[in-house]
Structures are given as structure tokens and as C-alpha cells.
Amino acid sequence: MPVIKSITYNVIIGKESFKTLNSFLTKNKYSSHFIICDENTMQHCVPILITNCLKLKEADIIELESGEESKSLEFSAHIWQTLIENKADKNSLIINLGGGVVSDLGGFCASTYKRGIDFINIPTTLLSMADASVGGKTGIDFSGLKNSIGTFAQPKGVFINSDFLKTLTIRHFKNGLAEVFKIALIADKKFWNELKTQDIDKNAGLMITKSIALKNKIVLKDPFDNGIRKTLNFGHSIGHAIESLLLGTQKELLHGEAIVIGMMIESHISSQKKQISKKELKEITFVFKKVFEPKTISHLNLSSILELLKNDKKNTKNKFQFALINKIGSCKFDVEVSETQIKKALDYYNKTA
């Protein structure tokens with residue numbers, strides 16, 4: 001059973017993760033347990049968890065609406081109110097059972113309730129297994145901006161069982177796959193080449209383990225996002241802007257779908273800046289089109305995207321600063337980008353997609 005040691009906790013991966021979780025719950029003797037989930041994990045995953053962890057049979061369940069809209073101050077207040085009504089104290093435990101939205105929101109609420117109570121992550125989607133549940137970033141969206149309010153707070157453990165992936169649709173599986181391809185693009189060319197050629201469905205466990213190990217290596221070097229950890233934002237400057245613009249519309253995108261578009265556009269900016277070759281840009285474009293069939297965004301105007309980019313937390317002194325790959329398997333951060341370069345890259349994407 002793979003165990004990855006992170007900043008203050010372990011990431012347990014494999015079918016024995018429930019056994020380790022039971023030992024963790026027995027050892028820590030929490031006064032109460034609260035499971036945060038959405039309607040999908042309530043139906044498909046809560047029964048599996050409670051069957052394998054009988055200590056959680058009496059846990060209070062806080063059910064959210066699925067989707068990015070739940071990462072809000074309104075839903076945070078709902079969670080805090082529920083904790084208060086059920087007399088949660090400093091020795092209570094929050095269990096985040098779900099995808100990236102649940103781990104981001106649940107971690108945020110745990111880190112702020114009574115100035116911080118313990119929480120663990122049990123990711124049920126590929127997105128949360130490979131990315132969101134590891135690294136200690138929590139947060140909510142506010143005033144139309146992604147993750148603009150949040151904290152750094154480490155879980156007491158992350159317990160990953162790939163059997164939960166069987167509950168996912170193809171669309172939600174590919175949503176998480178985007179972050180797996182991202183970590184390969186920025187950190188490991190060999191892994192990128194493996195992803196291009198291997199049967200991903202058959203190698204999901206190994207793929208998740210590699211993805212977490214790569215991200216964890218970066219996080220350990222820079223836990224508070226002051227340096228190399230910024231490379232994890234590749235594809236996210238443009239991607240978050242597109243995701244925010246389409247939120248609540250008929251053409252709303254999942255996080256990974258927006259990040260794929262962001263990576264394709266930002267790869268073109270890397271090409272403009274001579275950081276990657278035209279051959280590498282062509283390879284990235286071909287792979288993403290084949291694996292993800294990215295959506296068109298030709299209906300979005302440049303000014304709307306630029307307006308959101310101006311509020312990106314990575315900017316300094318009113319200048320756009322991106323994380324950009326400088327070859328497949330390597331990435332630079334705090335790279336200054338111009339409006340002209342963004343426009344050219346958007347034009348490229350719209351013609352290509």
C-alpha cells in the first residue's frame with residue numbers, strides 16, 4: 001500500500017486505506033464526527049464509507065449541492081451553523097468525502113471554525129485524488145473570483161481508494177485527468193510520455209500515486225506558494241478566468257475542462273516567448289485534442305477574460321504573471337505576459353479547437 005509523507009500527514013493510497021482510517025479513528029478518539037458530502041457522494045459513497053468504517057455510523061452528515069456554486073460564503077455559513085447546532089467542539093473531526101469542491105470548502109470551514117479543528121480528506125473523484133485533496137490549500141470563490149478567500153491548512157490525513165472512481169462518469173473522470181496531465185507537463189516528461197500511450201483506465205492507481213508524489217515533492221519545497229509551487233498554476237490563469245465567466249451558464253465547464261483550455265492557450269504563449277518549440281506546441285495541442293476534445297470558447301470576448309485576469313492573485317504591480325512551461329516536463333513561474341500575447345494565444349485556440 002503506497003504511503004506518501006506530506007508536510008504534517010500521510011497520504012494513504014490503496015484498498016487498505018479503510019483499514020488505516022479505522023486505526024486513525026480508534027487512536028484519536030474524536031468527540032464527534034461530521035461528514036461533508038454532496039448529493040452524489042451521499043448516494044454512492046457514504047454507504048461504502050460507513051460499511052467499511054463503522055465508527056462513522058453515528059456521524060452527522062452535512063450534504064451540499066454538487067458544483068462550483070457551493071464554494072461560497074453562503075454554504076460556508078451553512079456548514080458553520082450546522083456545526084454550532086450540533087455542538088461541534090475543538091475535538092470534533094470533519095471528514096471531507098467528495099471531489100475538489102468538497103475538499104476545498106470543507107477544509108476551509110474546518111480551518112476557520114473555532115480557529116481550526118481537525119479534518120481529513122477522503123477523495124472520491126480523480127480531480128480530488130490527484131490534486132485538490134493534497135497540499136493544504138483550502139478556499140471558496142467570492143465576488144466572481146475563483147479561490148479568492150481561503151487558508152493554508154493541512155489535513156490530518158488523506159485516504160485514497162481508487163474503487164470510488166467506479167462511481168464517476170467519463171466526463172468527471174476526464175475532469176480529473178486534466179490535472180494529472182498538467183503535473184506531467186510541468187514536472188516529468190517521462191510521465192507525460194506514459195500518459196500519452198498507456199491505458200489510463202487500467203493504470204489509474206499507479207497514475208494517481210505518481211501524480212500525488214510529483215505534486216507533493218513541489219509542495220514540500222514551497223508549502224506557502226511563494227516560489228516553485230506557483231508552477232502548479234500552469235493553465236490556471238486563463239483556465240480560471242474562463243471557468244468563472246461560464247459559471248452558471250448553459251455552457252458551464254468543469255474545472256478540468258477549463259484548465260485544459262487554459263493549458264493549450266498558455267502553451268501557445270510559451271511558444272510565442274520561445275520557451276517551447278513549435279514541435280512541442282503541436283504535440284501538446286494534438287494530445288489534448290485527442291484525449292479531452294476541448295470545448296469552444298469563441299463566444300467569449302477578450303475584454304471579459306482580461307478583466308478577470310487583472311484580479312488574478314498571481315499578478316504583481318498590475319502586470320500579468322503566469323506559470324509557463326519552458327519545455328515538456330519543466331515550468332517557470334512569475335513570467336510576465338502581455339495582452340497582445342494573450343490575444344494571439346486565444347486566436348490560436350479558437351482556430352485550433
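None of the values given here were measured: they were computed from a predicted structure.

## Regarding the overall build of the protein chain
No. 1: Counting secondary structure elements, the protein chain contains 14 helices and 11 strands.
No. 2: Computed over its C-alpha atoms, the radius of gyration of the protein chain comes to 20 Å, within 12% of the 20 Å expected for a compact globule of 353 residues.
No. 3: Viewed in the frame of its principal axes, the protein chain has a C-alpha envelope of about 55 × 40 × 35 Å.
No. 4: Within the span of the protein chain, comprising 353 residues, buried residues form 56% of the whole.
No. 5: When contacts within the protein chain are restricted to residue pairs at least 6 apart in sequence, those whose partners lie at least 24 apart make up 75%.
No. 6: In the form shown here, the protein chain has an accessible surface area of approximately 15,800 Å², with 52% of it arising from carbon and sulfur atoms.
No. 7: Once the 48 positive and 37 negative side-chain charges of the protein chain are each reduced to a mean point, those two points are 8 Å apart.

## With respect to the nonpolar core
No. 1: With 94 residues, the main nonpolar core has L21, L49, L177, F181, F288 and I342 as its most contacted residues.
No. 2: No other element matches helix 7 (residues 170–187), which puts 9 residues into this core.
No. 3: The residues touching I342, leaving out its near neighbours within four places in the chain, are I238, I269, L302, L306, L309, F320, F322 and V337.
No. 4: In terms of nonpolar packing, the next biggest core, distinct from the first, is built from 19 residues, I62, L64, L83 and I94 among them.

## Side note on a nonpolar patch on the surface
No. 1: A contiguous nonpolar surface patch, about 250 Å² in accessible area, is contributed by L73, F142 and I149.
No. 2: Along the chain, F142 falls in strand 7 (residues 137–142).

## Topic: the pairing of strand 2 (residues 10–13)
No. 1: Two elements, strand 1 (residues 3–5) and strand 2, share 3 bridges in a ladder whose sense is antiparallel. Bridging across to strand 2, K5 finds its partner in N10.
No. 2: Count of turn residues in the strand 1/strand 2 antiparallel hairpin: 4 residues.
No. 3: Taken together, the 3 bridges between strand 2 and strand 9 (residues 158–160) define a ladder with parallel strand orientation. By the bridge assignment, I12 is partnered in strand 9 with F159.

## Some details on the environment of K332
No. 1: Examined against the element boundaries, K332 turns out to sit in strand 11 (residues 330–337).
No. 2: When its relative accessible area of 44% is taken as the criterion, K332 is described as partly exposed.
No. 3: The spacing of K332 and S237 is 95 residues in sequence and 14 Å in space, taken between C-alpha atoms.
No. 4: Setting aside chain neighbours within four positions, we find K332 in contact with T231, Q275, F322, A323, L324 and N326.

## Some details on the packing of aromatic side chains
No. 1: All told, the structure shown has 10 aromatic pairs when counted by the stated rule.
No. 2: On the numbers, 6.1 Å between centres and 85° between planes, the contact of F18 with F164 is edge-to-face. On the criterion of sequence distance, the pair formed by F18 in helix 1 (residues 17–28) and F164 in the loop between strand 9 and helix 7 is long-range, its members being 146 residues apart.

## Observations regarding the pairing of strand 8 (residues 145–152)
No. 1: Judged from the 5 bridges that link them, strand 7 and strand 8 form a sheet pairing that is antiparallel. Each residue of the ladder has a partner; that of T138, found in strand 8, is T151.
No. 2: Hairpin connection from strand 7 to strand 8: 2 residues lie between these consecutive antiparallel strands, with S143 at a positive phi of about 55°.

## Examining helix 4 (residues 73–85)
No. 1: End to end, helix 4 covers 18 Å across 13 residues, agreeing with the expected 18 Å (1.5 Å per residue, within 8%).
No. 2: Downstream of helix 4 by one or two residues, K87 has phi in the positive range, about 60°.

## Brief notes about the environment of P123
No. 1: Position of P123 among the secondary structure elements: in strand 6 (residues 118–123).
No. 2: Its relative accessible area of 1% is what places P123 among the buried residues.
No. 3: Sequence spacing of P123 and L97 is 26 residues, and the spatial spacing of their C-alpha atoms is 5.8 Å.

## Examining a negative patch on the surface
No. 1: Together, E39, E63, E65, E69 and E74 make up a region of like negative charge exposed at the surface.
No. 2: If you trace the backbone, E63 turns up in strand 4 (residues 60–64).

## Some remarks on unusual backbone geometry
No. 1: Look at R115: it is not a glycine, yet its phi comes out positive at around 65°.
No. 2: Mapped onto the elements, R115 comes out in the loop between helix 5 (100–112) and strand 6.
No. 3: Even without glycine at this site, D334 takes up a positive phi of about 55°.
No. 4: Judged by relative accessible area, D334 falls into the partly exposed class, the value being 32%.

How each quantity is defined
Residues numbered from 1 in each chain as written. Predicted model: local features only at pLDDT ≥ 70, side-chain atom pairs only at ≥ 80, totals over all residues. Heavy atoms only, no water. Helix = DSSP H or I, 4+ residues; strand = E, 2+ residues; numbered from the N terminus. Rg over C-alpha atoms; globule rule 2.2 N^0.38 Å. Buried < 20%, exposed > 50% of the residue type's maximum accessible area, 1.4 Å probe, protein only. Contact = heavy atoms within 4.5 Å. Areas by Shrake-Rupley, 256 points an atom, 1.4 Å probe, with all protein chains shown as cover. Lys, Arg positive; Asp, Glu negative; His and termini not counted. Charge placed at Lys NZ, Arg CZ, Asp CG, Glu CD. Core = buried A, V, L, I, M, F, W, Y, C linked by side-chain atoms within 4.5 Å. Patch = residues over 30% accessible without salt bridge, like charges linked within 9 Å, V, L, I, M, F, W, Y side chains within 5 Å. Salt bridge = Lys/Arg side-chain N within 4 Å of Asp/Glu carboxyl O. Pairing = 2+ DSSP bridges. Phe/Tyr/Trp six-rings, centres within 6.5 Å; stacked < 30°, edge-to-face > 60°. Expected span 1.5 Å × (residues − 1).

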